[in-house]
Every structure is written in C-alpha cells, then in structure tokens.
Amino acid sequence: MRVLGLLLFFGLNVVLATQPPCVLLNDGNKMPMIALGTGRGTAKETDTLDDVRNAVFWAIEAGYRHIDTAAVYGDEEQVGQGIADAIAKGIVTRDQLFITTKLWNDKHARDQVVPALKESLSRLGLEYVDLFLIHFPIATKEDGSPDNIDYLDTWKGMEEAKQLGLTTSIGVSNFNISQIDRLLANSNVPPAVNEFEVNPTLTQEPLVYHCMSHNIAVMAYSPFGFLVSRNRPDAPPPKYDDPIIGAIAAKYGKSPGQVVLRFAIERGLVPIPKSTNQKRIAENINVFDFELSAEEIAAIASFNKNVRVIEIDGWKDYPNYPF
Ligand SMILES: NC(=O)c1ccc[n+]([C@@H]2O[C@H](COP(=O)([O-])OP(=O)(O)OC[C@H]3O[C@@H](n4cnc5c(N)ncnc54)[C@H](OP(=O)(O)O)[C@@H]3O)[C@@H](O)[C@H]2O)c1
Ligand SMILES: *[C@@H]1O[C@H](CO)[C@@H](O)[C@H](O)[C@H]1NC(C)=O
C-alpha cells in the first residue's frame, strides 16, 4: 500500500495485473516493475554471449516480462534469440513482453536515431521495442572522442522513432536534474523513463523525487550496488554479509539480494538485476510477496554515500557529463 500511495501521490498508477506488477507510464504504456539486466559489464570471464540467450529464456520462464539491453552491450542478437526461444515454446507472446534497448553515444545526430533503432530491431529480430532510451546525454564520434550534438536534437530523432511505431515509449538514461528540466522545457513528447544508478549506497533521493514529480518513471540500474562483488577493495557497505541487511532478510525468509531489490520496489522504482545464473534469476524476481517497514527502508537508505558503481572517468571533460 505504501508503494501505491507514493506512486499515486506522484500521479503514476500501479496496474495490478498478473505478477510482476506494472507501472503506468506517462504515455499510457505499462512497464513491468522488474527487468532482467543483460549488460555485459558484470559478466564473469567465463560468461559467453550464449549465456545471455539462456538467461533471457530462463528469465521469461521464471516470470520476467521486461528485458533491458542496449546496442553497446553487443548482445541484442542473443537477447532476441532468448525471446524467440520463449515464444517458440509457448511461454509468452510478443505483446506480453516489454523490451528496452538504448541508443549509443555515437548515433546522436537526429537523422542517425531511426536507422540505429532499425539496426537494433534487426539484431533483436523484433518489429518494435517497448522502450527506446538515449543511453547517455553525452555525444561522441565513432572513435569515442567528444561530439557537439545537443541531446535536444537527438530527442527529435527519438520522437520520430516513436511516431513510426518502431518503439512504443521513449526515454533517457543517465540524465541529471538540469538535463531532465531542459528536455521537458524543449520537447513535444516528455520522456516516459529515466534509467540511472540507484542502490543502497547511491539512493538518489533528489533525482528520484524530481523524476516522479514530473511523472517520469525510474529504472534503477546496478540495483545491488556493492552488495555483490565489484572487485573494489574500498567498496562501502552494505556487502553481502552485512548484519543489518542480514537481519531484515532473516525476518522475511529472504536473501540479502532480495531485500535490496525490494528496497527499490518499495520506492516505486523498477530495478534491473543482471544475472546469467538460473537460480539467481529466479531468486531476483521472487520479491513480490513481502513488504519492508518504513524503519527498514530508512535503515537501508542510511547506507547512502553518493558513491557510484558506474563512473566513467574518461568522459569527465566531455560536454553534458551528467554526474
Ligand atoms: N543505462 C546504463 O547506463 C546502465 C549502466 C549499468 C547497468 N545497466 C543495466 O543494469 C543492469 C544491472 O546492472 P549491473 O550488472 O551493473 O549490476 P547488478 O545487477 O546490481 O549486479 C550484477 C551482479 O550481481 C550478481 N548477482 C545477481 N543476482 C544476484 C543475487 N541474487 N545474489 C548475489 N549476486 C547476484 C551477478 O552475478 P551472476 O550473473 O553470476 O548472478 C552480477 O555479478 C545491467 O545488466 C544493464 O542492463 C544500465
Ligand atoms: C548536469 O550535467 C550538466 C552537464 O555536465 C551540468 O552542467 C549540471 O550542473 C548538472 N546538473 C546537476 C543537477 O547535476
């Protein structure tokens, strides 16, 4: 009820359908409240692209209806194969799925956006995606050097993609408060979604509040934060064996990972846990049968240190660097 209250307060509506529940976007589209992450950044050395195909299939089998990919992940083909496998086995139909992909930084010119999405669709083997995001507000040339394309121009290309029916919804990723405001003030179609990092050590209260008060849904990437290994000796708590998270997990008969995902859901966010492990994929969606108390939410939020898992140092001097 708390989640519902928060979302209704901000004008978003939760659609109580089959599990998992959905968030109603500002354009009328419905987005399932948990997505499988397929970004390769946290893949083990032994992970192959075929693991992505299996992960997507296992996820759909376990009840996921939302998959998050991106052109830059280089795995849209395998994501598409996993989807095709699930459809061929009769587990779902295309219209029951919600597929998100993203425009990379080197395709920001207005007239590059639709062709880039068509290439993503061809790799995915789909006729449309449900959500297309500008991956970063930063534009680069193909060699990765900075380019001076305004994301407002990129957004016009995104609006064209939506108008053509190549994507049902359009949104952004890694946009900060000022960039959201500038986009809202200068566009015909407001972004339906902003996807950015949120976890116990990066709770992002101001940006979350800002998005929700403008009816922009939030997708939370790297939702585990430093709970899982990031190969950072200086990683701040909570780690997987944290006693506070552990006590909450024990109380509900859940794992530390499930508690941290539920923390995002209680805030009305759509977490994007990545896993290629069949057991953990199933574990991560099994978070809709318990609720955290206000005290527990506050205890988890007090881990916040505004420390990022994803920090792209090489872009610090680029125009529109958002962090
Ligand atoms: N828009 C953007 O700029 C952006 C940036 C970063 C990420 N993303 C999206 O967000 C997704 C998730 O982000 P992320 O991969 O950085 O972080 P994450 O999902 O927070 O963490 C993934 C790591 O946690 C492990 N894991 C998964 N479930 C677990 C569980 N229940 N218990 C213990 N460990 C578990 C995974 O290993 P196993 O696979 O072995 O389970 C993997 O090493 C990405 O895949 C991508 O789709 C978007
Ligand atoms: C957002 O990013 C822009 C571009 O780098 C920067 O000028 C601005 O100060 C940032 N705004 C916030 C609220 O972080």
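Model, not experiment: these values are computed from the prediction.

**Remarks on the overall build of the protein chain**
Counting secondary structure elements, the protein chain contains 11 helices and 11 strands. Computed over its C-alpha atoms, the radius of gyration of the protein chain comes to 19 Å, within 12% of the 20 Å expected for a compact globule of 323 residues. With the principal axes as the frame, the protein chain shows a C-alpha extent of 55 × 45 × 40 Å. When each of the 323 residues of the protein chain is scored for burial, the buried share is 55%. Summed over all atoms, the accessible surface of the protein chain reaches about 13,500 Å², with 52% contributed by carbon and sulfur. Each charge sign in the protein chain was given a centre, from 30 positive and 40 negative side chains, and these centres are 3 Å apart.

**Brief notes about the site of ligand 2**
Surrounding ligand 2, one finds Asn176, Ser178, Gln179, Asn320, Tyr321 and Pro322. Within the side chain of Asn176, one N or O atom sits 2.3 Å away from an oxygen atom of ligand 2. Considered on its own, ligand 2 offers 370 Å² of accessible surface; in the complex 47% of this is hidden by protein. Residue composition of the shell around ligand 2, grouped by class: two nonpolar, four polar and no charged.

**So, the site of ligand 1**
As a structural note, the neighbourhood of ligand 1 is formed by 29 residues, with Gly39, Asp68, Lys274, Ser275 and Arg280 the closest of them. Lys44 places a side-chain nitrogen or oxygen 3.0 Å from an oxygen atom of ligand 1. Burial of ligand 1 by the surrounding chains reaches 91%, relative to a free accessible area of 910 Å². Top contributing element to the shell around ligand 1 by residue count: helix 10 (residues 278-285), with three residues. For the shell around ligand 1, the class distribution of residues is nine nonpolar, 12 polar and eight charged.

Conventions we followed
Residues numbered from 1 in each chain as written. Chains lettered and ligands numbered in written order. Predicted model: local features only at pLDDT ≥ 70, side-chain atom pairs only at ≥ 80, totals over all residues. Heavy atoms only, no water. Helix = DSSP H or I, 4+ residues; strand = E, 2+ residues; numbered from the N terminus. Rg over C-alpha atoms; globule rule 2.2 N^0.38 Å. Buried < 20%, exposed > 50% of the residue type's maximum accessible area, 1.4 Å probe, protein only. Areas by Shrake-Rupley, 256 points an atom, 1.4 Å probe, with all protein chains shown as cover. Lys, Arg positive; Asp, Glu negative; His and termini not counted. Charge placed at Lys NZ, Arg CZ, Asp CG, Glu CD. Near = heavy atom within 4 Å. Polar contact = N/O pair within 3.5 Å; in protein donor to acceptor, adjacent residues only side chain to side chain. Nonpolar A, V, L, I, M, F, W, Y, C, P; charged D, E, K, R; others polar.

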